[in-house]
Amino acid sequence: MKTGLILPYRNHLPAIAEDVFLAPGAVFIGNVEIAAGASIWFNAVVRGDVQEIRIGPRTNLQDGCVVHVTTDGHAAYVGADVTVGHNAIIHACTIEDRVLIGMAATVMDGVVVETGAMVAASSARPDRTASPTPVSSLAAGCPAASNGTPSDGQHEGSRHRYD
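Focus: the overall build of the chain
- Of regular secondary structure, the chain possesses one helix and 19 strands.
- The 163 residues of the chain split such that 45% are buried.
- Here the contacts in the chain between residues at least 6 apart in sequence split such that 10% fall between residues at least 24 apart.
- By element, 56% of the accessible surface of the chain is carried by carbon and sulfur atoms, the whole surface being about 7,300 Å².

Some details on the pattern of salt bridges
- For the structure on display, the rule yields four salt bridges.
- Between Arg54 and Glu33 there is a salt bridge, and its shortest N-O distance comes to 3.4 Å. With Arg54 in strand S6 (residues 45-55) and Glu33 in strand S4 (residues 27-34), this residue pair connects regions lying 21 residues apart in the sequence.
- Glu33 gets classed as partly exposed once you look at its relative accessible area, which sits at 39%.
- With a shortest N-O distance of 3.1 Å, Glu52 and Arg54 are connected by a salt bridge.
- Classification of Glu52 by relative accessible area gives partly exposed; the value is 23%.

Cut-offs used in this document
Residues numbered from 1 in each chain as written. Predicted model: local features only at pLDDT ≥ 70, side-chain atom pairs only at ≥ 80, totals over all residues. Heavy atoms only, no water. Helix = DSSP H or I, 4+ residues; strand = E, 2+ residues; numbered from the N terminus. Buried < 20%, exposed > 50% of the residue type's maximum accessible area, 1.4 Å probe, protein only. Contact = heavy atoms within 4.5 Å. Areas by Shrake-Rupley, 256 points an atom, 1.4 Å probe, with all protein chains shown as cover. Salt bridge = Lys/Arg side-chain N within 4 Å of Asp/Glu carboxyl O.

So far we have only geometry, and geometry alone does not tell us how the molecule works.
See the structure below:
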């Protein structure tokens, strides 16, 4: 059951696994691949117009998220078991596996958020000049900086985000 708006762009049609949940109002365009078990919610936009976007299995893009790329060679990669909170922006960066991106957070060009890390709500990782958000760390602020490690409760809460 696919829904949402799926559009070709420059000879690329989004490739979306059969069991992906696509909410009405979500938009997918161009060079986009979404793996099995993912869910993309209302008014999310995944726009692979000038580079590729890859979204891993069981990843959850919540309402109003934007995933986009740049013309200077930066694609967008979102790993497996990732939760991206409402209204977050993922722009031409790499989000590794089991990451939580908080509501209204912004992760910009060339940034790497490593496995198990969390970026707090309303935080911003502005550009590639910043060091990666380390494995299993919590980044907060604007610009976001590592502020220790998430608690077991924070990690457990993100594991059951949409089951």
